[in-house]
Amino acid sequence: MSTYKQLTGGVAAPLGFTAGGIYCGVKRAGYPTNTVTAASIVANEPLQAEHKPDLAMIVSEVPCTAAAVFTQNLVQGAPIAVCRENLAKGKIRAVTANSGNANTCNADGVEKARAMCKLTAEALGISADEVLVASTGVIGQILPIEPLEAGIPAVAKRLKKDGTAAARAIMTTDTVVKQAALSFELDGKTITLGAMSKGSGMIHPNMATMLAFVTTDAAISTEMLDKALREAVGDSFNMLSVDGDTSTNDTLCILASGLAGNEEITAAGEGYDLFAGALRSICMTLARMMAKDGEGATKLVECVVTGAQDTAAAKTAAKSVICSPLLKSAMFGCDANWGRILCALGYSGAPMNVNAIDVAFRSAAGYIRVCEMGSGIPFSEEDAKRILSEDEILIEVTLRDGEGKAAAFGCDLTYDYVKINGDYRT
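Residues numbered from 1 in each chain as written. Predicted model: local features only at pLDDT ≥ 70, side-chain atom pairs only at ≥ 80, totals over all residues. Heavy atoms only, no water.

## Focus on the overall build of the chain
Applied cut-off: We count a stretch as a helix when DSSP gives it H or I for four or more residues in a row; a strand needs E for two or more, and each element gets its number in order from the N terminus. Two things to know: the radius of gyration comes from C-alpha atoms, and the globule rule equals 2.2 Å times the number of residues to the power 0.38. Residue exposure (1.4 Å probe, protein chains only): buried if accessible area is under 20% of the type maximum, exposed if over 50%, otherwise partly exposed. Any pair of residues with heavy atoms lying within 4.5 Å of one another is described as a contacting pair. Computed with the Shrake-Rupley method and a 1.4 Å probe, the accessible areas treat only the protein chains shown as cover for residues. Counted as positive: Lys and Arg. Counted as negative: Asp and Glu. His and the chain ends are not counted at all. For charged residues, the charge sits on one atom: NZ in Lys, CZ in Arg, CG in Asp, CD in Glu.
Looking only at helices and strands, the chain features twelve helices and 15 strands. The C-alpha radius of gyration computed for the chain amounts to 22 Å, which stays within 12% of the reference 22 Å derived for 426 residues, consistent with globular compactness. Summarising its shape, the C-alpha atoms of the chain cover approximately 70 × 55 × 35 Å along the three principal directions. For the chain, the proportion of its 426 residues judged to be buried stands at 54%. Restricting to contacts in the chain with at least 6 residues of sequence separation, those with at least 24 account for 82%. Total accessible area computed for the chain in this model is approximately 17000 Å², and 51% of it derives from carbon and sulfur atoms. Both charge centroids of the chain, one from 37 positive and one from 47 negative side chains, sit 3 Å from each other.

## Section: the pairing of strand β6 (residues 178-186)
As a general feature of sheets, a regular strand has side chains that alternate between the two faces. Our working rule: We call two strands paired when DSSP finds no fewer than two bridges between them.
Summarising burial for β6: seven of the nine residues are buried, a large majority. Direction of pairing for strand β1 (residues 5-7) relative to β6: antiparallel, over a ladder of three bridges. Looking at β6, one finds that L7 is bridged to A181. With nine bridges connecting them, β6 and strand β7 (residues 189-198) associate as antiparallel partners.

## Section: the nonpolar core
Test applied: Only buried residues count toward a nonpolar core, which is a set of Ala, Val, Leu, Ile, Met, Phe, Trp, Tyr and Cys residues joined through side-chain atoms within 4.5 Å.
Judged by nonpolar contacts, the single largest core of 85 residues is most densely connected at L193, F275, L279, F361 and I395. Among the elements that line this core, the one with the most residues is helix α7 (residues 270-292), at 13 residues. A19, I58, A68 and A167 belong to the second largest nonpolar core, which has 26 residues in total.

## Considering the packing of aromatic side chains
Two measures describe an aromatic ring pair: the distance that separates the ring centres and the angle between the ring planes. Under the convention used in this document: Pairing of aromatic rings covers Phe, Tyr and Trp, the last counted by its six-membered ring, and requires centre-to-centre distances within 6.5 Å; plane angles under 30 degrees mean stacked, over 60 mean edge-to-face, and any other angle means tilted.
On inspection of all chains with the given rule, the structure shows two aromatic pairs. Where Y4 meets F184, the ring centres are 5.6 Å apart and the plane angle is 85 degrees; that geometry is what we call edge-to-face. Of this pair, Y4 sits in the segment before β1 while F184 is found in strand β6, placing the two residues 180 residues apart along the sequence. Look at F332 and Y415: their rings are 5.2 Å apart centre to centre, the planes differ by 90 degrees, and that puts the pair in the edge-to-face class. Of this pair, F332 sits in helix α9 (residues 325-332) while Y415 is found in helix α12 (residues 415-422), placing the two residues 83 residues apart along the sequence.

## Here we look at the confidence of the model for the chain
To be explicit about the condition: Every residue carries a pLDDT, the predictor's confidence in it, which falls somewhere between 0 and 100.
Mean pLDDT for the chain: 93, with 94% of residues reaching 70 or above. Considering only residues more than four positions removed or in separate chains, one finds that residues 30-35, a stretch of pLDDT under 50, has three contacts.

## Points about a negative patch on the surface
For the record, the criterion: Patch definition: residues above 30% relative accessible area lacking any salt bridge, with like charges linked at up to 9 Å and the nonpolar side chains Val, Leu, Ile, Met, Phe, Trp and Tyr linked at up to 5 Å. Salt bridge, as used here: a side-chain nitrogen of Lys or Arg that lies within 4 Å of a carboxyl oxygen of Asp or Glu.
A cluster of acidic residues, D187, E223, E263, E264, E270 and D273, forms a negative patch at the surface. Owing to a relative accessible area of 48%, D273 belongs among the partly exposed residues under this scheme.

## Details of the side chain of S324
By secondary structure assignment, the location of S324 is in the loop between α8 (311-323) and α9. Its relative accessible area of 4% is what places S324 among the buried residues. Discounting residues that sit within four places of it in the chain, S324 has contacts with A344 and Y347.

## Description of the pairing of strand β12 (residues 366-372)
The sheet contact formed by strand β11 (residues 358-363) and β12 spans five bridges and is antiparallel. Each residue of the ladder has a partner; that of V359, found in β12, is C371. Hairpin remark: β11 followed by β12, antiparallel, with two residues in the connecting loop. Examined bridge by bridge, β12 and strand β13 (residues 375-376) share two bridges and lie antiparallel to one another. Within β13, the residue paired with C371 across the bridge is G376. Hairpin connection of β12 to β13: two residues between the antiparallel strands, including M373 at a positive phi of 55 degrees.

## As for the packing of helix α2 (residues 78-89) against helix α3 (residues 109-124)
The following threshold applies: To get an axis, a line is fitted to the C-alpha atoms, and for a helix only the part in contact is used. The angle between two axes follows their N-to-C directions and goes from 0 to 180 degrees. Angle categories: roughly parallel below 35 degrees, roughly antiparallel above 145, roughly perpendicular from 65 to 115, and oblique for all the rest. In a left-handed crossing the near helix is turned counterclockwise from the far helix by less than a right angle, and in a right-handed crossing that turn is clockwise. When residues are grouped by polarity, Ala, Val, Leu, Ile, Met, Phe, Trp, Tyr, Cys and Pro land in nonpolar, Asp, Glu, Lys and Arg in charged, and all others, Gly among them, in polar.
The geometry of α2 relative to α3 is characterised by a closest axis approach of 8 Å and an angle of 55 degrees between their N-to-C directions. Relative to α3, α2 is oriented oblique. At the point where α2 passes α3, the crossing takes the right-handed sense. Contacts between α2 and α3 involve A78, P79, V82, E85 and N86 on the former and, on the latter, G109, V110, A113, R114 and C117. Of the residues contributing to the contact of α2 with α3, the split by class is six nonpolar, two polar and two charged.

## Re the environment of L327
By the element assignment, L327 lies in helix α9. L327 gets classed as buried once you look at its relative accessible area, which sits at 1%. Placed 84 residues apart in sequence, L327 and C411 show a C-alpha to C-alpha distance of 9.8 Å. Not counting chain neighbours up to four residues away, the residues in contact with L327 comprise V321, R340, I341 and I395.

## Side note on the pattern of salt bridges
Considering all chains together, one arrives at 20 salt bridges under this definition. For K419, the salt bridge identified is with D416, shortest N-O distance 3.8 Å. Highlighted residues: K419 and D416, both in helix α12, separated by three residues, approximately one helical turn. Residue classification places K419 among the exposed positions, given a relative accessible area of 58%. Put simply, R288, K292, E302, D391 and E392 are held in one network by salt bridges that share partners.

This is the structure:
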């Protein structure tokens, strides 16, 4: 059985891929035009500290099979409509994404998204149909095209075998870069996957995350790529919640160049299982990063439910706990208020025997049981506080209804979350 080897390089790690990221001025829209100029972008002149990167590009040297999932919010960003159009037409060569403006709820949104495709195609010498676009940031503000007209040709000249700059350029309220890469052996060939994502607030996906991009050099059919992506999402990003808000721009896409040279994966079997496992692993890594970097968060909170009636029940129960504002607040205060966990389980909608629930907390500082068979048991509040003071907390819920198990990821709810979102736009 192949093992997965962790690598560096992010989305640029697989064969055939390069990536780049720069500041082009979208995040400074509305400021004086002399804040940044096309000339300064092309010349790569030093920028001020407030000039955070806002334009990312991922490019494959060959056409890729591709798959994607998008938000299920009825209000959707214009880039999603354009991505759907281009995915339906066939192979994909590039992704261009901006931060600082979501290009959502604008009359000219689709026009601007198509313009991003055209600008990318002209800069790379490919077809506009081979480009996917994504935007993230403030909703309801017109996306300025002028910074992109200067920035897209500029970033196309700065592509590297390192995805860090691209991962940094899609950040909004994120505080850390989120990227990962791994490899495994298949048919005597080395298969590599790379990924990057962004997301810190407005995170409660029912498909993927705010923005996430995965690349691979595996040879795999579109049908099997789509199947693997949806399976991975079900266990990772769809089990993630920061604040219960599902974004309008959620986009997760995967591009497969086929340059690894393996026999194409076209059906279920060992090859598919290895690939699907690798994709699940990299998506889980990013989901945990996003949960830990939730807006204002001080800790990652994970809930693992075992003994549920089935997997679906376990997922419903685990996510209900993670989404509870009361539980999230208790985790911020290092308060072992386990009653809030049972409360969240009780209204989750998952079938369970509430008189047969065990609850425990675990962290690097230790382990403590707080509830057995649906009732409280004596425990040391001092020990509990010490355990909950760590930056990664595991809530273990044991049911006695079956063999179902699942994990959900979230974070604590802090004063800073309100501060960040109280003046996010202004």
